[in-house]
Number of protein chains: 2
Amino acid sequence: MTPAAREAIEKSDVVVGYTVYVDLVRDLCGGKKVESTGMKKEVDRCRLALDHALAGETVAFVCSGDAGVYGMAGIMSEVAEEHPEVEIETVAGITAACSGAAVLGAPLIHDFAVISLSDLLTPWETIEKRVRMAAEADFVLVIYNPKSKKRRDYIDKAAAYVSEARPWDTPCGYVKNIGREGERAVVCTLKDLVNNDDIDMFTTIFIGNRQTRVINGRLVTPRGYRGI
Amino acid sequence: MTPAAREAIEKSDVVVGYTVYVDLVRDLCGGKKVESTGMKKEVDRCRLALDHALAGETVAFVCSGDAGVYGMAGIMSEVAEEHPEVEIETVAGITAACSGAAVLGAPLIHDFAVISLSDLLTPWETIEKRVRMAAEADFVLVIYNPKSKKRRDYIDKAAAYVSEARPWDTPCGYVKNIGREGERAVVCTLKDLVNNDDIDMFTTIFIGNRQTRVINGRLVTPRGYRGI
């Protein structure tokens, strides 16, 4: 957690968030009001935060990672659209692309694309096109939501699309439970991402570009195409 | 600065970095050795850090933003390649894509691509291909190094490539001097990025996807394609 996030909680009158994340910051909440909602209740959670703000309170709306990357910052603005008088300030955090990259080494030293494989709100055709084009344009790929409870083959399909543009031995890596208990990083190849039961929905995956290599066990993308 | 970065400096025997960044953390350095090198001396700076590490010291190697995004984490691994006995730990920071997004609103709620327009180490053809394909695949684009001292038209060209796939009134934004004195954010359109003297080499640019819109002055990309 950044000092800015801590300060935002300290300055707030009420803390709102998903139950699990609110519990993680409860020791910072002192005597404040704390309100939480369950999973998949994102819109309800935003409305709860909005109601407190409309009552004149300063609300700290907490989520994990960076609220600005697949996070609640967007939906909060959408829910509050009819209330321009409510001031929204986003506090940046460290998203899994950055925290995971640090654990693996330095895979994001050159251009990269961040893609979620969840087709809950995005047609699979759009996801497929993005993976294919990012692979062809030689971006390093960072994959969020590589599997879901129902669908285990998202990442297998994505790896197959990438293989059309890059060899199966392309250096890759993945990190589980980033910044939490049980954090674990694995450096591997594109081939190793397929049929891999170690990868679950809480795993963030990094697929190297054509220059990425493994240096002393770390996944490293050089900063350019002309050597150091 | 994150608590982890602060702790890394506190635990170190010597602090190494580019002069300007070392000066920013000097009050944390206490009685430690502090060594700096000038701009464009990246390899020398890594060798300096490596020499101290080989002498058995713990080195805090500081840079701005996130060392893992176009930062020094990669080149440090490359320079230390012949010395696997030197342990390198990357401490993640908040890169301009994330800190800038927070200032503008919530532009990175869906898939995005991060591209540097600097052709110092990357052929322009590669950069052009990445911008075109990222635009066509409907990624939000985050542009680092939109201009250089010598070349003022990188961003003009990039905007033209994007315009082949998206309308000129696509919502965009840019942030200058993120997190520093003189921080300033502008929400605009793709057209406004062209021939724009307000954009300089220290500006980070955000180009919305086909769903991005402006809500109460904030640049917001919805999280999906089926509404909230």
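Preceding block: the structure.
What counts and what doesn't
- Residues numbered from 1 in each chain as written.
- Chains lettered and ligands numbered in written order.
- Predicted model: local features only at pLDDT ≥ 70, side-chain atom pairs only at ≥ 80, totals over all residues.
- Heavy atoms only, no water.
- Helix = DSSP H or I, 4+ residues; strand = E, 2+ residues; numbered from the N terminus.
- Buried < 20%, exposed > 50% of the residue type's maximum accessible area, 1.4 Å probe, protein only.
- Contact = heavy atoms within 4.5 Å.
- Phe/Tyr/Trp six-rings, centres within 6.5 Å; stacked < 30°, edge-to-face > 60°.
- Lys NZ or Arg CZ within 6 Å of the ring centre and 35° of its normal.
- Salt bridge = Lys/Arg side-chain N within 4 Å of Asp/Glu carboxyl O.

*Asks:* Honestly, the overall build of chain A in this entry has me stumped. Any pointers?
*Replies:* Across its full length, chain A holds 7 helices and 11 strands. Dimensions along the principal axes, computed over C-alpha positions, put chain A at roughly 55 × 35 × 35 Å. Taken over 228 residues, chain A has a buried fraction of 52%. Sequence-distant contacts, at least 24 apart, represent 66% of the contacts inside chain A between residues at least 6 apart.

*Asks:* I tried to follow the packing of aromatic side chains on my own but got confused; where do I start?
*Replies:* Within a pair of aromatic rings, the relevant descriptors are the distance that separates the centres and the angle that separates the planes. Throughout the structure, instances matching the rule amount to 6 aromatic pairs over all chains. Taking 5.1 Å as the distance between ring centres and 50° as the angle between the ring planes, the aromatic pair formed by B:Tyr70 and B:Tyr144 counts as tilted. In this pair, B:Tyr70 is assigned in the loop between strand E3 (59–62) and helix H4 (72–79) and B:Tyr144 in strand E6 (residues 140–144), connecting sequence segments 74 residues apart. Ring centres of B:Trp124 and B:Tyr154 lie 5.3 Å apart, and the angle between their planes is 15°; this geometry places the pair in the stacked category. With a gap of 30 residues between them, B:Trp124 in helix H6 (residues 124–136) and B:Tyr154 in helix H7 (residues 154–163) connect regions that are remote in the sequence. Neither B:Trp124 nor B:Tyr154 differs from the other in exposure class; each is buried. Above the face of the B:Phe139 ring, A:Arg130 is positioned so that its terminal group lies 5.7 Å from the ring centre.

*Asks:* Would you mind going over the pattern of salt bridges with me for this structure?
*Replies:* Under the definition given, this model contains 30 salt bridges over all chains. In this structure, B:Arg210 engages B:Asp138 in a salt bridge whose closest nitrogen and oxygen atoms are separated by 3.9 Å. With B:Arg210 in the loop between strand E9 (203–207) and strand E10 (213–215) and B:Asp138 in the loop between H6 and E6, the pair connects residues that are 72 residues apart, well separated along the chain. Looking at B:Arg210, the relative accessible area reads 45%, which means it is partly exposed. A relative accessible area of 4% means that B:Asp138 is categorised as buried. Through salt bridges with shared partners, one network takes in A:Asp111, A:Asp138, A:Arg166, A:Arg210 and B:Arg130.

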